[in-house]
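# A closer look at the structure
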Amino acid sequence: MVIGPVTFLLLAEAAPGAPAGFAPLDRLTDVLGVYERLLATLAAEGVGWVQLDEPALVTDLGAVELAAVRAAYERLGCLTDRPSLLVASYFGGLGEALPVLAGTPVEAVGVDLAHGDPAGLGALAGKTVVAGVVSGRDVWRTDRERALGALLAVREHAGRVVVSTSCSLLHVPYDLDAETGLDPALRRRLAFADQKVAEVVELADLLASASAPGSPAVPVSAPAPVTVPAPASASDPVAVPASASASAPVAVPAPAPAPMGERTGRSPYPVRAAAQAAHLRLPPLPVTTIGSFPQTGELRAARAALAAGELDEAAYEERVRAEIREVVALQERLGLDVLVHGEPERNDMVQYFAEHLDGFAVTRHGWVQSYGSRCTRPPILHGDVRRPEPITVRWASYAQSLTARPVKGMLTGPVTIVAWSFVRDDLPLRDVVFQVADAVRAEVRDLEATGLSVVQVDEPALRELLPLRRAGQDAYLEWAVAAYRWATSGAGDRTQIRTHLCYSDADQILAAVDALDADVTSVESARSGARLLGEPAVKGFGRGLGPGVYDIHSPRVPTADEVGELLEAALRVLPADRVWVNPDCGLKTRTYGQVEAALTNLVEAARRLRGAVESRP
Ligand code: GLN
Ligand code: ZN
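The structure reproduced in this document is the subject of the present report. (Residues numbered from 1 in each chain as written. Chains lettered and ligands numbered in written order. Predicted model: local features only at pLDDT ≥ 70, side-chain atom pairs only at ≥ 80, totals over all residues. Heavy atoms only, no water.)

### Thoughts on the site of ligand 1
- Of all residues adjacent to ligand 1, which total 13 residues, the nearest are S292, E343, D458, H500 and G586.
- Contact between ligand 1 and D458: a nitrogen atom at 2.7 Å from a side-chain N or O atom of the residue.
- Protein burial of ligand 1: of its 300 Å² of free accessible surface, 93% is covered by the chains.
- Across the shell around ligand 1, the residue classes break down as seven nonpolar, four polar and two charged. (Near = heavy atom within 4 Å. Polar contact = N/O pair within 3.5 Å; in protein donor to acceptor, adjacent residues only side chain to side chain. Areas by Shrake-Rupley, 256 points an atom, 1.4 Å probe, with all protein chains shown as cover. Nonpolar A, V, L, I, M, F, W, Y, C, P; charged D, E, K, R; others polar.)

### As for the coordination of the zinc ion (ligand 2)
- For the zinc ion (ligand 2), every protein donor is listed as H500 (NE2), C502 (SG) and C585 (SG), and the spread of their distances is 2.0 to 2.2 Å.
- Around the zinc ion (ligand 2), the four donor atoms sit at angles spanning 96 to 122°, and that spread fits a shape best called tetrahedral.
- Here the donor residues of the zinc ion (ligand 2) are spaced in sequence according to H-x1-C-x82-C. Of the two residues, H500 sits in strand β14 (residues 496–501) while C585 sits in the loop between α19 (560–573) and α20 (592–614), which places them 85 residues apart along the sequence. Comparing H500 with C585 shows no difference in burial state: the two are buried. (Donors = N, O, S within 2.8 Å, 3.2 Å for Na, K, Ca; no water. Tetrahedral: all angles 85-135°; square planar, octahedral: opposite > 155°, others 65-115°. Helix = DSSP H or I, 4+ residues; strand = E, 2+ residues; numbered from the N terminus. Buried < 20%, exposed > 50% of the residue type's maximum accessible area, 1.4 Å probe, protein only.)

### Section: the pattern of salt bridges
- Inspection of the entire model under this criterion finds 33 salt bridges.
- Linking D384 and R424 is a salt bridge whose minimum nitrogen-to-oxygen distance equals 2.9 Å. Residue D384 is found in strand β10 (residues 380–386), and its partner R424 is found in the loop between β12 (422–423) and α15 (429–449); the two are separated by 40 residues along the sequence.
- In this structure D384 comes out as exposed when scored by relative accessible area, which is 53%.
- For R424, a relative accessible area of 10% gives the class buried.
- Between D507 and R531 there is a salt bridge, with its nearest N and O atoms 3.8 Å apart. Placement of the pair is D507 in the loop between β14 and α17 (510–515) and R531 in the loop between β15 (520–523) and α18 (536–539), with a sequence separation of 24 residues.
- Given a relative accessible area of 13%, D507 falls into the buried group.
- Judged by its relative accessible area of 37%, R531 is partly exposed.
- Put simply, R266, R272, R485, D514, D517, D519 and R543 are held in one network by salt bridges that share partners. (Salt bridge = Lys/Arg side-chain N within 4 Å of Asp/Glu carboxyl O.)

### Quick look at the nonpolar core
- One finds L462 and Y476 to be the most contacted residues of the largest nonpolar core, which totals 106 residues.
- In terms of residues, this core owes the most to one element, helix α16 (residues 473–488), which gives ten residues.
- Those residues in contact with Y476, other than ones at most four positions away along the chain, are V415, A461, L462, L465, L466 and P467.
- Core analysis: the second largest hydrophobic core is formed by 51 residues, V31, Y35, L61 and A131 among them. (Core = buried A, V, L, I, M, F, W, Y, C linked by side-chain atoms within 4.5 Å. Contact = heavy atoms within 4.5 Å.)

### Some words on the sheet that holds strand β4 (residues 108–112)
- Pairing within the open sheet is parallel, and its six strands lie in the order β1-β2-β3-β4-β5-β6. Either end of the sheet is taken by a strand with one partner, and the two such strands are β1 (2–3) and β6 (160–165).
- Strand direction decides the pairing type here: strand β2 (residues 49–53) and strand β3 (residues 84–88), joined by five bridges, are parallel. Looking across to β3, one finds that L52 is bridged to V87.
- Sitting on the sheet, helix α7 (residues 193–209) is in contact with β5 (128–134) and β6, with an inclination near 155° to β6. (Pairing = 2+ DSSP bridges. Axes fitted to C-alpha atoms, helices over the stretch in contact; angles between N-to-C directions.)

### So, unusual backbone geometry
- With a phi angle near 65°, D517 is a residue other than glycine that sits in the positive phi range.
- Here D517 falls in the buried class, since its relative accessible area comes to 14%.
- In this model, A530 sits at a positive phi of 60°, which is unusual for a non-glycine residue.
- Inspection of the secondary structure puts A530 in the loop between β15 and α18.

The following block contains the structure:
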């Protein structure tokens, strides 16, 4: 298993100082020399097959990229001493790359047939086709008839058919058999990794026994079911290479559809901003966090004890309230301006909401990798979504009762809840997201009614669900933005609505982020060296913006001077009264020592700059 040379270069970035106009793909010839040596070495070791993963081939490719595909696989295919080559694609159809690959001498091509249709695969006549008919991206059982139909269609032309999953099984939990607590009716519809492998074998048997005169034999596992490298996050399609998406146009969507009698929108931003300024009375460059504070060992132990029945509800509740008291006191002492309750009750920003909404099931052992060594248990959204009762109100209102400063309510947005769950596939994704948006909307209104003046609805996964091909991107952004607006437009003008994005190149969809119409957006920026601030689109951003000034993925504590430099960079491109001071993301994974030191420096940097900002005309 090796990443393919074209994907490798399309995912690479030019080093700082590279000549203008240089693209990593320009180095294809050099890189192919390395692949040649690698293939020769593997052949000498007796390796029979090598899989080259080329997920970039399911994105929009221009003439230059397609020429690179042709050049790469003609050259590697023409080597004399080499293993057989399988070029694997997944997360979508090959489109214009299909005939190009078909024309090269590679022995096998892997195609994602979980959702796509096998028409057009005739171009692969004579080659081995690794047919990914069992979805590696969801937890649903495979429709046998549909899958077998696709396999039979592939067999019409292919030299050989290999039955496989549509991508690696990295994205799904291991074994359904471990989930004894799930509703039996739901369980019957599910397949995790072990069950999916069994489906692959069963389908291969079915195909082998399906009469087709003169048809070739069907190997089940030569080569092995397609396996792919980890993408950036659990439910993240492989990132679109910058060259393929940087110029993607972004539509500014129409306002959300609204049932009769509901508030359909809020006043224009300037009206709201004035109302909020008068109500909140914050200093310039207000300092806030993204929501979570460190999850201590005691908290986790208390949650485990609750689950094990060793701690009762009331004692657990008191443990959480004690944590909220400490977090609020700490923020007051450090001088933050908009406080949070710290999210001590949440093990995960999606799972917590799923546990409190109808329509979701949660697993006990269904871990999947999120990034690095971090794992999550994505909930399973299998039915209609409903919020039986308020979810976060008691925690947020308790925090607000402890302080005179504004506390912000913390919610996860509808797109992110759906993106980080396994989602029913009997409804369009858009409709599912709007059902969740309804529930979030009710929660926003309840938070406002309980007396909160600030509510943050996080959408870190907004960019993640963007379709890989341009053709679907505008339509997606239109409904995703509309769902967010529906979730938040029930709030009054005086209530500050905020959102937060991270884990993505938000700069690529800045117009859509602006169209969310949140009063303030905080976005990861420090981690990428404030590249965001260099984007021309930032200058046109029409609302409050908090470009992160503290990279929370690192244990390193930024100095007040470093934070000050990032703030000054922000002030050069944004009006001072719209700049917020905040970390890149939540503080959940840091220690209290690091957090205290870093937030002290954030407050210090903001205070140093406030005088200068106030005296500006
Ligand atoms: N409010 C969440 C937190 O602070 C946001 C996390 C995220 O964006 N991934 O933890
Ligand atoms: Zn974040």
